[in-house]
Amino acid sequence: MKIIVTDEVASEGLALLKQDPRVEMDVRLGLSKEELLKAIGDYEVIITRSGTTVDRDVLDAGKKLKMVARAGVGIDNVDVEYASSRGVIVVNAPFGNTNSAAEHTMALLLSACRNVTVANASLKKGEWKRAPFTGVELKGKTAGVIGLGKVGGRVATRLKAFECEVLACDPYIAAKRAHDLGVKLVTHDEIYKNCDIITVHTPLNDETMGMIGDREFGLMKSGVIILNVARGGVIGEAPLLANLKSGKIALAAVDVWSEEPPKTDLLKELISQDKLVVTPHLGANTFEAQVNVAVDVSKEVLNYLDEQPLENAVNIPRFDLALMDQMRPFLNLMSTMCDFGIQLVDTNISKVSFSFFGSIAHYDCTPITVCGLAALLNKVVEQDVNMVNASLIAEQMGIAVEESKSTQTDAFSNLITLVLEGEGGKRRLISGTLFEGIPRIVRLRDYTMDFTPEEHMLLMHYADRPGMIGKIGTIMGQHEINIASMNLGRSEKKGEAMVILSIDSAVPPVVVEEIKKATEATFIKALHMPTAKCNRCRSCGN
Ligand SMILES: NC(=O)c1ccc[n+]([C@@H]2O[C@H](COP(=O)([O-])OP(=O)(O)OC[C@H]3O[C@@H](n4cnc5c(N)ncnc54)[C@H](O)[C@@H]3O)[C@@H](O)[C@H]2O)c1
Ligand SMILES: O=C(O)CC[C@@H](O)C(=O)O
């Protein structure tokens, strides 16, 4: 596997990959966009930090690209949606630099409050000034943390250690998290109105871009201290400059910029402000964090190579790792049912329904649904479909996907039912369960069946009457095709029969035709289950 590393990533982490004989790794730092576009076509994995923009152009040029591995948490430099549509997995390292980012926030806050940077520069110039560098204490101040996630939570704990009263605002966390951290959860506006110190720790997205602008600065107390160690653009840079100049903001500290490195006049003027402490995106720049994130992404690439579940893929729905072992047989069951079911459909699919019954319904079944969708779509589109792009491709094809769950079942402790609807309302229903961990199909349409799909099978319906099984056996025997097992479903005596035969070798079309004629079958199909290793979800073990 060819890997390109385009940003500085700790060699201790990359060593894990370098020593793997399957890996060929090129570290190519400082590539221009044109150079990257030229190079990327050779590689299956790109490992980056925030310095490389992995946009549509790069993803389109990366014809062999399977994975974008971001050595850090922020994925705002990767077009994840487009990567998903191309089936490219995006992984990040969400935990390794959390502590460093929180400590850097405190470093910037303390530097700002105690004039460390300006006093340092003054003394180094040979001056001995003290009064102009009189600072402010953190103790007793009200601090507002916007975004109480991994970094925000750690910043809150550290602010409390400095005896601040901490307010936090995060519409997406449980109140219990704030309670456990000992901080008061309030609204955004309450933060702006009441805090002496405001620090942002949200991701950058459509919702948070420019989240703090003129209106929000207008609500703030005069003399507020404001920090951004999250992402450039969460705090509007033009209003920040205006409010620093007017003195409304007493002090500020910024580590991250809307343009990195900053080149615009606005950013240059902002950076030159005395009341602003600045760093060039150093939040994660500690030896510890860099090794952590490099190790984490390298492990993910190795997981990919070893066909193991990925721990930090941001565009694959997956089970909690602790649940994974229990869920793997269900992914396998779903994959088997879909590989079987799709062969029964001879029109375009308009709707797919996945229903989960029994104890499985207690869990989030989305990964099983998406695994099934990938198995189905792989058979109907040219493009490689996997867990990354299955939902998107279904949407593009106008296929409605429904998932339902009920903890109630009758005969089985767990049951999955797949319904495929085609043109003209044609429906195929397949139910499956696990028997000692092995997938079994227990219902086809309204027939009770019980079989494990095998590599070669023959499925047929015919009017139930004596002698049919004998006729089938004779024809198979004449063609030296060995029947391994047979399963028969009937709705009523001498009604319609549904038969599935497992056979030792493929049934040629002429034999299928001969059996059809002899049995007057209303439906007959030779089925083949894939034996090659499945690469769709990297979780089911198929
Ligand atoms: N400066 C650096 O070097 C550095 C290092 C690490 C992380 N970061 C950045 O710090 C930020 C936080 O990282 P994290 O690991 O804590 O992420 P996280 O996902 O753990 O936490 C982000 C939190 O923000 C909350 N949030 C989202 N939208 C919000 C909104 N509109 N208002 C309030 N809260 C909102 C989320 O619910 C979540 O709890 C990210 O932008 C990340 O890229 C920067
Ligand atoms: O140093 C980096 O690459 C960015 C660090 C940090 O902002 C992250 O998103 O993890």
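Residues numbered from 1 in each chain as written. Chains lettered and ligands numbered in written order. Predicted model: local features only at pLDDT ≥ 70, side-chain atom pairs only at ≥ 80, totals over all residues. Heavy atoms only, no water.

- Labelled according to an unreviewed UniProt entry, the protein appears under the name D-3-phosphoglycerate dehydrogenase, originating from Geoanaerobacter pelophilus.
- UniProt, in its Pathway (unreviewed entry) section for the protein, records the words "Amino-acid biosynthesis; L-serine biosynthesis; L-serine from 3-phospho-D-glycerate: step 1/3."
- Recorded in UniProt for the protein, the comment headed Sequence similarities (unreviewed entry) runs: "Belongs to the D-isomer specific 2-hydroxyacid dehydrogenase family." (UniProt positions renumbered as here; feature names shortened; annotations may be inferred.)

### Looking at the overall build of the protein
Part 1 of the reasoning: When helices and strands are counted, the protein shows 18 helices and 22 strands.
Part 2 of the reasoning: Taken over the C-alpha trace, the protein has a radius of gyration of 30 Å; the compact-globule value for 542 residues is 24 Å, which it surpasses by more than 25%.
Part 3 of the reasoning: Sorting the 542 residues of the protein into buried and exposed places 51% on the buried side.
Part 4 of the reasoning: Pairs at least 24 apart in sequence give 64% of the contacts found in the protein among residues at least 6 apart.
Part 5 of the reasoning: For the protein, the exposed area adds up to about 25200 Å²; of that, 51% sits on carbon and sulfur atoms.
Part 6 of the reasoning: Positive and negative side-chain charges of the protein, numbering 59 and 69 respectively, have mean locations separated by a distance of 3 Å. (Helix = DSSP H or I, 4+ residues; strand = E, 2+ residues; numbered from the N terminus. Rg over C-alpha atoms; globule rule 2.2 N^0.38 Å. Buried < 20%, exposed > 50% of the residue type's maximum accessible area, 1.4 Å probe, protein only. Contact = heavy atoms within 4.5 Å. Areas by Shrake-Rupley, 256 points an atom, 1.4 Å probe, with all protein chains shown as cover. Lys, Arg positive; Asp, Glu negative; His and termini not counted. Charge placed at Lys NZ, Arg CZ, Asp CG, Glu CD.)

### Some details on the packing of helix 5 (residues 98-113) against helix 7 (residues 150-161)
Part 1 of the reasoning: Axis separation between helix 5 and helix 7 bottoms out at 8 Å; the angle between their running directions is 45°. Taken together, helix 5 and helix 7 sit at an angle that is classed as oblique. The crossing of helix 5 and helix 7 is right-handed. On helix 7, the residues touching Thr 98, Asn 99, Ala 101, Ala 102, Glu 103, Thr 105, Met 106 and Leu 109 of helix 5 are Lys 150, Val 151, Arg 154, Val 155, Arg 158 and Leu 159.
Part 2 of the reasoning: Its residues placed into classes, the contact of helix 5 with helix 7 shows 7 nonpolar, 3 polar and 4 charged. (Axes fitted to C-alpha atoms, helices over the stretch in contact; angles between N-to-C directions. Parallel < 35°, antiparallel > 145°, perpendicular 65-115°, else oblique. Left-handed = near helix turned anticlockwise from the far one by under 90°. Nonpolar A, V, L, I, M, F, W, Y, C, P; charged D, E, K, R; others polar.)

### Some points on the site of ligand 1
Part 1 of the reasoning: Around ligand 1 sit 30 residues, and of these Lys 150, Val 151, Asp 170, Thr 202 and Asp 255 come closest.
Part 2 of the reasoning: Within the backbone of Thr 202, a nitrogen or oxygen atom sits 2.8 Å from an oxygen atom of ligand 1.
Part 3 of the reasoning: Gly 283 is positioned such that a nitrogen or oxygen atom in its backbone is 3.4 Å from an oxygen atom of ligand 1.
Part 4 of the reasoning: Protein chains shield 90% of the accessible area of ligand 1, which is 860 Å² for the free molecule.
Part 5 of the reasoning: A per-class count over the shell around ligand 1 returns 15 nonpolar, 10 polar and 5 charged. (Near = heavy atom within 4 Å. Polar contact = N/O pair within 3.5 Å; in protein donor to acceptor, adjacent residues only side chain to side chain.)

### Thoughts on the state of the cysteines
Part 1 of the reasoning: Scanning the model with the defined rule gives 0 disulfides in all.
Part 2 of the reasoning: Sulfur of Cys 169: no disulfide; nearest cysteine sulfur belongs to Cys 195 and is 9.6 Å away.
Part 3 of the reasoning: Since its relative accessible area comes to 2%, Cys 169 is described here as buried. (Disulfide = S-S within 2.5 Å.)

### A closer look at the nonpolar core
Part 1 of the reasoning: Counting residues in hydrophobic clusters, the biggest one holds 79 residues, and the most contacted among them are Ile 3, Ile 47 and Phe 340.
Part 2 of the reasoning: Looking at this core element by element, the count peaks at 10 residues for helix 14 (residues 321-341).
Part 3 of the reasoning: When residues of this core are assigned to domains, at least three fall in each of domain 1 (2-95 + 289-305) and domain 3 (321-540).
Part 4 of the reasoning: Those residues in contact with Ile 3, other than ones at most four positions away along the chain, are Leu 17, Val 23, Glu 24, Met 25, Asp 26, Tyr 43, Val 45, Ile 47 and Val 301. (Core = buried A, V, L, I, M, F, W, Y, C linked by side-chain atoms within 4.5 Å. Domains from an automatic or database assignment.)

### Observations regarding empty space enclosed by the protein
Part 1 of the reasoning: On inspection of all chains with the given rule, the structure shows 4 cavities of 30 Å³ or more.
Part 2 of the reasoning: Each pocket or cavity is described by its volume, and for the largest cavity that value is around 90 Å³.
Part 3 of the reasoning: Together, Leu 344, Arg 427, Arg 428, Leu 429, Ile 430, Leu 444, Arg 445, Leu 459, His 461, Met 498 and Phe 523 line the largest cavity.
Part 4 of the reasoning: Of all elements in the fold, only strand 16 (427-435) and strand 19 (456-463) reach the threshold of two or more residues within the lining of the largest cavity. (1 Å grid on protein atoms, 1.4 Å probe; cavity = no way out; pocket = protein on both sides within 12 Å on 5 of 7 lines; lining within 4 Å. Points joined across faces, edges and corners; volume = space filled by probe spheres on them.)

### Brief notes about helix 18 (residues 509-519)
Part 1 of the reasoning: Within helix 18, the full set of buried residues consists of Val 511, Val 512, Ile 515 and Thr 519. Angular distribution of buried residues about the axis of helix 18 spans 105°; they occupy a single face of the element. Projecting away from the buried face of helix 18 at angles above 90 degrees are the exposed residues Pro 509, Val 510 and Lys 517.
Part 2 of the reasoning: Against strand 19, helix 17 (468-478) and strand 22 (523-528) lie the buried residues of helix 18.
Part 3 of the reasoning: Backbone geometry just downstream of helix 18 places Glu 520 in the positive-phi region, at approximately 55°. (Arc of directions from axis to C-beta.)

### Overview of the packing of helix 17 against helix 18
Part 1 of the reasoning: Between helix 17 and helix 18, the least distance of the axes is 10 Å, while the angle of their chain directions is 155°. The angle between the axes of helix 17 and helix 18 places the two elements in the roughly antiparallel class. Crossing handedness for the pair helix 17 and helix 18: right-handed. Note on element contacts: helix 18 touches helix 17 through Val 511, Glu 514, Ile 515, Ala 518 and Thr 519, opposite Met 468, Lys 471, Ile 472, Ile 475, Met 476 and Gln 478.
Part 2 of the reasoning: For the contact of helix 17 with helix 18, the residue count by class is 7 nonpolar, 2 polar and 2 charged.

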